[in-house]
Structure formats: C-alpha cells, structure tokens
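Letter by letter, the chains look like this.
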Amino acid sequence: MAIRVQREDFDVGAELAALGAGNHRIGGICSFVGLVRDMNEGAGASEGVSAMTLEHYPGMTEKQLAAIDAEAHRRWPLEASLVVHRHGRLEPGDRIVLVATASPHREAAFEACHFLIDWLKTKAPFWKVEESAEGAARWVEARESDDAAAARWAAVDGKEG
Amino acid sequence: MAIRVQREDFDVGAELAALGAGNHRIGGICSFVGLVRDMNEGAGASEGVSAMTLEHYPGMTEKQLAAIDAEAHRRWPLEASLVVHRHGRLEPGDRIVLVATASPHREAAFEACHFLIDWLKTKAPFWKVEESAEGAARWVEARESDDAAAARWAAVDGKEG
Amino acid sequence: MKLLYFAWLRQKIGVGEETIDLPADIADARGLVTWLKGRGEGYEIAFRDLDAIKLAVNQDYADLDAPVKAGDEVAFFPPVTGG
Amino acid sequence: MKLLYFAWLRQKIGVGEETIDLPADIADARGLVTWLKGRGEGYEIAFRDLDAIKLAVNQDYADLDAPVKAGDEVAFFPPVTGG
C-alpha cells in the first residue's frame, strides 16, 4: 500500500517497524532486500562489477509498482505492504530494493512478497548499466529465469502475467 | 549459521545489516518476522488474546534449530542465515521470531527462509500458552496446516520430514 | 535418569523436572510411560492419551519404541507450537 | 507527441526525450517506429531489432499494433532489469 522510488538508501528496520505498527492482526512480516553483487552472471562468464547505475522511467515506474502492489492485495489477505526501489549509482553491497508484506498468515506474507519482487523484476521500468573494474559499461540483459519466475504467478490463477 | 534463543527483543534492521555485512556475493536477503496477534484461530472460534507465554526446552531448542539451519544450508546455496526466537511473556504486536537467509540468488533466499520457519514451527520445542482478556489460560494446539507446510519441504527432495 | 515435562504435561504432573532411578526391567520409552502412570494421578492423567504426546531422548525426537537407559535425559511434551 | 528513450536506446539515439509533431498518416506504434528510423542513423541503429524493444503508450505497456495519436507519451526501451 506504499510505493517509493528514491535515490537515497532506506532503513530496513525502521521500514518494517512502521509497516506493522499498532496493527495486532498481523501475524507475520515477510521481506526481501535486493543487494548489488560484485559479480554479474547475466552475460555468461562472470565478471567483476565495481558499480552499477539504475535508470528508470519516472511516472511509469510508480504507476507500474502501484498496479503490481494492488494486484498483490487482490490476491492475498495483506494488512500492509511496501516497495522501495532505489535509482542512481550503487556499489556492491548497496541495497537496491525492499519489498515487504504483512499478513495475519505467514503463507500469504511469503507468497505476496515473492510475487511482488518477481513481478517487479519484469514489469517495473528500471534498467541497470554495470561498470567493470576496467571501466567498461555494459547494459544488463533481461534474464529468462526472471520471466519464468514472473510467469509462474500468472499460471497460479490463470490471469495474464 | 547463527541461532539464538532469548527472552529479549531483537533489532530486525541491525540483525539483517549484520547478516550481509561485507559479503558482496549476496544478492538477496529474505526475512520473516513472526508477531503476536490479538486473535487466536487455532481452536475454532476466534477469541481475544491479551498475552502469551512461550515455554521452551533449553538445550534441545538450540540443538533442533541448529539441525534445521544446517539442513537449509545443505539444500540451498546460502551465504548466511539467522534464527532468533524469543521465549517468556509476550503481548500482541511483540516480535516472536526472526528468520533470515542471504544468498546470491533470490529464489534460494526465499525458499530457505520459508523452509526454516515451516520446519521451526513443527520441530523446535516451544509451547505457547495464551491468556484471554478474561484471564483464562489456554495451551495453543498444534495446527494441521503447520504440519502440512513442513511436510511439503520433505516431499520436495524425498527426505523424511 | 533425568525426566522433563513441558506445557500441559508439566502442569498436570506438577513438576517440570525430576531425577529417577530407572527400574532395571524398563528398556524402552513405552515401559517408562507405563511405570510413570503408576506413580500418581497426575501422571495417569498426563499420559492418558499417548497420541497427544511427543517425546525426546537426549534432546532428539523419539517414539515409544525408543530404547532408554539410566543416564538418559527423556522429555515428554505436547506437539510444539512455536514460531 | 512526447517521445522517451531509455537505456541503450537513449544512448544510440542520443537524446532521452523529445517532442515531435506526429505526421497525420501515422496511426500506430509500428508506423511511428518506421517514421523514426528515417530520421537518422542513430534511430536506424536503435530500432534495428524490434524484438529487443519494449514500448509504452501513456505509461502502460503496449505493442507495435497499439494506436498512437498526438498528445500521447510514447516510450521505447529494452526489457527491464530492475530489482
């Protein structure tokens, strides 16, 4: 029920505490934090990554994230949810994205959180360009495994993914 | 790779930050926080819960949690994991348990985290006794849905659950 | 032998922990339970429905056929409800 | 019409955003792409492999058959790689 796209880092503990604050119907909070790795495997042979820059489409990003979030609330009994996605230049170990879901039931929290990150990966308009230690820049290619992960959630209820 | 059983609350943000600190192979951290709800559904009709007390079996608890954690590391490529479980008296909204997993791959992080909480629910020797608003105490009964959730992970690779 | 009882078993029996001298003719957990039930009404009530009880020998889950011997730590408790 | 280009499309075309007067005979995204390819080598290279390109009309995903009209915001970009 909350979407944020920002350059700044986020405080995971504070975000999760705020998510469930005062709502005693919540039995479980599932979260996923995506981090910048120092290795890229997208293009076959692994190579070192010294930094990456995330470009996005202001306006459409928020619109798509809100649509994905609304879909999660349609599918699962969520008391609260949060998606925070950073843009700009990030280095290995930096946080990229936080997805969190709160529900009376842990299965719903897990599934909705997993769904949100899977759909975000294929539907939110972000693009990564990586810098190698040698200074070369390379646009990260979309991965078939991400498409497959997103498609799985479409198959669950027969809706288009 | 870390197990803690304690009476004190824990700081989710600090725990998750420590989990991945300095390890740039980690691409994702999945976590689950279990909270005390103010409603119990285990015994059929819902009734208000004003507090609960978690009893445990010191020694066996740590042994079982360590075995579950080791099993998660056998099954998934984890860079780090953490289970913190509280005991003692807790009120609605209080944190009960934190499970967190860090992996190069988000699927592994999600599955291992889900596995850990599902197995913990059926294998770690904790028992909850709930107090209603009227002061009555009731031992929480084990739920078949928890057994089913745990059994699912046994079926995945044919191992005994 | 060290015996431990948890949750409602502890309440019904009235103690959480006790040390006993295991009778020489008891070789498994089932025999131990039968012997315990003869020790008083609390035990008799606590162990009435064995399907509702789990046990551990030396902190590992076991069943009623598990061998037990002097020096073991044996615990009885209802199905766990943590998490 | 406002046009937006992201990631390597932006780099090949040389601008991230531009405003054009849509020719009256263009009715869909496919026609728009054909017209854009005639505007210079950067466009020609950027739109060479249409299978590698996604597009959005007014911030919703669309395909090459999608109708476009003056006043629309049309964006072209490679498959997304966020998260």
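A brief structural summary. Values in this document were obtained by computation on a predicted structure and should not be read as measured data. (Residues numbered from 1 in each chain as written. Chains lettered and ligands numbered in written order. Predicted model: local features only at pLDDT ≥ 70, side-chain atom pairs only at ≥ 80, totals over all residues. Heavy atoms only, no water.)

1. Concerning the pattern of salt bridges
We count it as follows: Every case where a carboxyl oxygen of Asp or Glu lies within 4 Å of a side-chain nitrogen of Lys or Arg is listed as a salt bridge. Each helix is a run of DSSP H or I of at least 4 residues and each strand a run of E of at least 2, with the numbering of both proceeding from the N terminus. The classification of residues rests on relative accessible area computed with a 1.4 Å probe and restricted to protein chains. Under 20% of the type maximum is buried, over 50% is exposed, and intermediate values are partly exposed.
Applying the stated criterion across every chain yields a total of 44 salt bridges over all chains. B:Glu15 is the partner of B:Arg4 in a salt bridge, and the nearest nitrogen-oxygen pair spans 2.7 Å. In this pair, B:Arg4 sits in strand E1 (residues 2-6) while B:Glu15 sits in helix H1 (residues 12-20), placing the two residues 11 residues apart along the sequence. The class for B:Glu15 is buried, based on a relative accessible area of 15%. Residue C:Arg30 is joined to C:Asp65 by a salt bridge in which the shortest nitrogen-to-oxygen separation is 2.8 Å.

2. A closer look at the sheet that holds strand E7 (residues 88-90) of chain A
Residue and element names in this part refer to chain A. Our working rule: By this definition, two strands are paired if DSSP reports at least two bridges between them. Helix axes use the C-alpha atoms of the stretch in contact, all axes being lines fitted to C-alpha atoms, and the angles between their N-to-C directions lie in the range 0 to 180 degrees.
Taken in spatial order, the four strands of this open sheet run E7-E5-E9-E10, and their pairing is antiparallel. Strands at the two margins of the open sheet, each flanked by one partner only, are E7 and strand E10 (137-139). Here the average twist between neighbouring strands, direction ignored, is 25 degrees. One ladder, built from three bridges, connects strand E5 (residues 51-56) with E7; its direction is antiparallel. Counterpart to Met-52 in the pairing with E7 is Leu-90.

3. Focus: the interface of chain A and chain B
Our working definition: Every residue pair with non-hydrogen atoms within 4.5 Å of one another is taken to be in contact. Here the buried area means the combined drop in accessible surface, using a 1.4 Å probe, for two parts upon being joined, counting both sides.
In this complex, chain A contributes 35 residues to the contact, which on the side of chain B involves 35 residues. Interface of chain A and chain B: buried area, both sides summed, is about 2,900 Å²; carbon and sulfur atoms make up 56% of it. Three residues stand out in chain A for area buried against chain B, namely A:His24, A:Arg106 and A:Phe110, and they jointly supply 26% of the buried area on that side. Remark: the boundary between chain A and chain B carries six salt bridges.

4. Comments concerning the packing of helix H2 (residues 60-75) of chain B against helix H3 (residues 106-123) of chain B
Residue and element names in this part refer to chain B. As a reminder of what qualifies: Put simply, angles under 35 degrees are roughly parallel, angles over 145 are roughly antiparallel, angles from 65 to 115 are roughly perpendicular, and the rest are oblique. Crossings are assigned a handedness: left-handed for a near helix turned anticlockwise from the far helix by less than a right angle, right-handed for a clockwise turn. In this classification, the charged set is Asp, Glu, Lys and Arg, the nonpolar set is Ala, Val, Leu, Ile, Met, Phe, Trp, Tyr, Cys and Pro, and all remaining amino acids, among them Gly, are polar.
Running from N to C, H2 and H3 point in directions that differ by 150 degrees, and their axes come no closer than 10 Å. The orientation of H2 relative to H3 falls into the category roughly antiparallel. The interaxial crossing formed by H2 with H3 has right-handed handedness. When H2 is examined against H3, the residues Gln-64, Leu-65, Ile-68, Asp-69, Glu-71, Ala-72 and Arg-75 are found in contact with a partner set consisting of Phe-115, Leu-116, Trp-119, Leu-120 and Lys-123. Here the residues of the contact of H2 with H3 sort into seven nonpolar, one polar and four charged.

5. Some points on the relation of the copies chain A and chain B
Filter applied, for reference: The fit set for superposing copies consists of C-alpha atoms from residues with pLDDT of at least 70 in both; the fit itself is least squares.
Between chain A and chain B, which share one sequence, the superposing operator has a rotation angle of 180 degrees and an axial displacement of 0.0 Å; the RMSD is 0.0 Å. Such a turn and shift between the copies fits a two-fold axis. If distances are taken from each C-alpha of chain A to the rotation axis, the shortest is found for A:Gly13, at 1.8 Å. Most of the interface of chain A is mirrored in chain B, where 100% of its interface residues again form contacts.

6. Section: the packing of aromatic side chains
Here is the rule: The aromatic pairing rule takes the rings of Phe, Tyr and Trp, using the six-membered ring of Trp, and pairs them if the centres are within 6.5 Å, calling planes under 30 degrees apart stacked, those over 60 edge-to-face and the rest tilted.
A complete count under the given rule lists 26 aromatic pairs over all chains for this structure. Plain terms: the ring middles of A:Trp127 and D:Phe6 are 4.9 Å apart, the flat faces sit at 15 degrees to each other, and that makes the pair stacked. A residue pair is termed interchain when its members come from two chains, as with A:Trp127 in strand E9 (residues 126-131) and D:Phe6 in the loop between strand E1 (2-5) and helix H1 (7-13). Exposure remark for A:Trp127: the relative accessible area of 1% places this residue in the buried category.

7. Thoughts on unusual backbone geometry
All names here are of chain C. Within the chain, Ala-7 stands out as a residue other than glycine whose phi angle is a positive 55 degrees. Within the secondary structure layout, Ala-7 lies in helix H1 (residues 7-13). Note on Ala-7: relative accessible area 0%, which makes it buried.

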